[in-house]
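# Examining the three-dimensional arrangement
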Amino acid sequence: MILVFKRILSLFCFLILLLSGCSKSDNITEYKQVTDLAVVDSLVSTSEFNPKDILVIFDFNYTLTHPTVPCFHKDNIDAHKKIFKKILKRLSPEQIDLMLSQMKSTEAQELISNEFSTFFKKHLDVNFLVCSSSLEQNADDFLKFLNENNVIVRNGYNLENFSFLNFKEYLSGHPVYKNGVIVTNRAKKGDILIDFFKRISRKPKLIIFVDNSVKKLDDVKNALKTLPNTKLIIVEYCGYKNKKIPSVSEEEFTAYWSKKVEDFLKAQNN
């Protein structure tokens, strides 16, 4: 009888340990689709976590900002997708990447919400990152734009600026971290963030990842789902869809992009 009791007790202890291990290795993931920054603000303000244990990560293009030039806006590119692909056939994939990357820094942009500056200032103890899949060369221009619009990206990780040299070089660049901004240089955001977390001592207990791209949201969710003791909130932010972007004709769209390609090729040959 005593032997049977000991075996039952051992089995019970094993199950407790097993369940305890599962709770430590699995995180809790929530998904939200929003068009209003106030929803993100509420997620931060009402959180039960210490602000220093919260990390909010924003994408840059079409999450914080959007282009004001109608032909360069996603809505018009989607509307004239066949024409767009036809014009870009003059360029290699790498040239397309370089041209579009340069345009993100030179074509007029604006914040999707005028409340971003207030939001970042309000939560001074919360950790922030901006994480864009853009090329390394965009980091300084993104920082300049944010600073000019009073959006200051702060966190308490005390990291010096660095390059993610263990990631493959692409177009003479690596992913980089600069003053709260990460550009992944086309590496996957999830992989870059996992590497980033290895470099900080105080790991976030709540991560709120905000992006307009469902594909990138899924990538980050899958990469971060194994982080221990972490709650992950995935936010598909669609605020740019509320912007009144004028539609353009096929002729106007063709003329704009044909000139952009022509100017890019001339610059490459000089």
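In case you missed it, the structure is sitting above this.
An account of the accompanying structure is given in this report. Here the residue numbering is sequential within each chain, running from 1 through the sequence in written order. The model is predicted, so local features are restricted to residues of pLDDT at least 70 and side-chain atom pairs to those at 80 or more, both for listing and for counting; the totals for chains, interfaces and linings are taken over all residues. Calculation of side-chain values draws on the structure's entire complement of heavy atoms; hydrogens and water are dropped beforehand.

Right, let's talk about the overall build of the protein for a bit. Across its full length, the protein carries 10 helices and 10 strands. Think of it in three bands: residues with accessible area under 20% of the maximum for their type are buried, residues over 50% are exposed, and the middle band is partly exposed, with areas taken using a 1.4 Å probe on protein chains only. Out of the 270 residues in the protein, the part that is buried amounts to 46%. Partitioning the intrachain contacts of the protein with sequence separation of at least 6 by distance along the chain shows that 82% fall at a separation of at least 24. When the accessible surface of the protein is summed, it comes to about 14700 Å², and 54% of that surface belongs to carbon and sulfur atoms. Where helices and strands are cited, they refer to DSSP runs of H or I of at least four residues and of E of at least two residues respectively, numbered from the N terminus. Residues count as neighbours in contact if any of their non-hydrogen atoms are within 4.5 Å of one another. Each accessible area is a Shrake-Rupley estimate made with a 1.4 Å probe; only the visible protein chains count as cover when residues are assessed.

Quick look at the packing of aromatic side chains now. Only rings of Phe, Tyr and Trp enter the pairing, Trp through its six-membered ring, and a pair is recorded when the two centres are within 6.5 Å. The plane angle decides the type: under 30 degrees is stacked, over 60 is edge-to-face, the rest tilted. Considering all chains together, one arrives at 21 aromatic pairs under this definition. Aromatic pair Tyr157 and Phe196: ring centres 5.9 Å apart, planes at 75°, arrangement edge-to-face. Of the two residues, Tyr157 sits in the loop between α7 (139-148) and β6 (162-163) while Phe196 sits in helix α8 (residues 189-198), which places them 39 residues apart along the sequence. As far as burial versus exposure is concerned, Tyr157 and Phe196 are alike and both buried. Of the aromatic side chains, those joined through ring pairs into one cluster are Tyr157, Phe162, Phe164, Phe167, Tyr177, Phe196 and Phe197.

Here we take up the pattern of salt bridges. For salt bridges, the criterion is a side-chain nitrogen of Lys or Arg within 4 Å of an Asp or Glu carboxyl oxygen. Enumeration over the complete set of coordinates arrives at 13 salt bridges. Of the charged contacts, one joins Lys231 and Glu30 as a salt bridge, the two residues approaching to 3.2 Å between their closest N and O atoms. Linking Lys231 in strand β10 (residues 231-237) with Glu30 in strand β1 (residues 28-34), this pair joins segments that are 201 residues apart in sequence. Residue class for Glu30 comes out partly exposed when judged on its relative accessible area of 27%. A single network of salt bridges, built from pairs that share partners, joins Asp59, Lys189 and Asp211.

Counting 36 residues, the largest nonpolar core has Phe58, Phe116, Phe120, Leu146 and Ile208 as its most contacted members. Contributing elements (two or more residues each) for this core: α2 (37-45), β2 (54-58), α6 (116-122), β5 (127-132), α7, β8 (181-183), β9 (206-211) and β10. Per-element tally for this core: the top contributor is α7, with five residues. Apart from residues no more than four positions distant in its own chain, Leu146 is found in contact with Phe60, Leu64, Val130, Val151, Val153 and Val181. We call a set of buried residues a nonpolar core when its members are Ala, Val, Leu, Ile, Met, Phe, Trp, Tyr or Cys and they connect through side-chain atoms within 4.5 Å of each other.

Right, let's talk about unusual backbone geometry for a bit. Phi angles above zero are rare outside glycine, and Asn179 is one such case at about 50°. Counting through the fold element by element, Asn179 comes out in the loop between β7 (176-178) and β8. Using a relative accessible area of 49% as the deciding quantity, one classes Asn179 as partly exposed. Phi is positive for Arg186, which is not a glycine, with a value near 80°. Assignment of secondary structure puts Arg186 in the loop between β8 and α8. Residue classification places Arg186 among the partly exposed residues on the basis of a relative accessible area of 31%.

Turning next to helix α10 (residues 250-269). Along its 20 residues, α10 runs 28 Å from first to last C-alpha, staying within 8% of the 28 Å computed at 1.5 Å per residue. All of the buried residues along α10 are Phe253, Tyr256, Trp257, Val261, Phe264 and Leu265. All buried residues of α10 project into a common sector of 160° when viewed along the axis, lining one side. Of the residues in α10, the exposed ones pointing more than 90 degrees away from the buried face are Glu251, Lys259 and Asn269. On its buried face, α10 sits against α3 (74-79), α4 (81-88) and α5 (93-106). Given the number of residues in a helix, its expected span is that number minus one, multiplied by 1.5 Å. Here, the arc refers to the directions that run from the helix axis to the C-beta atoms.

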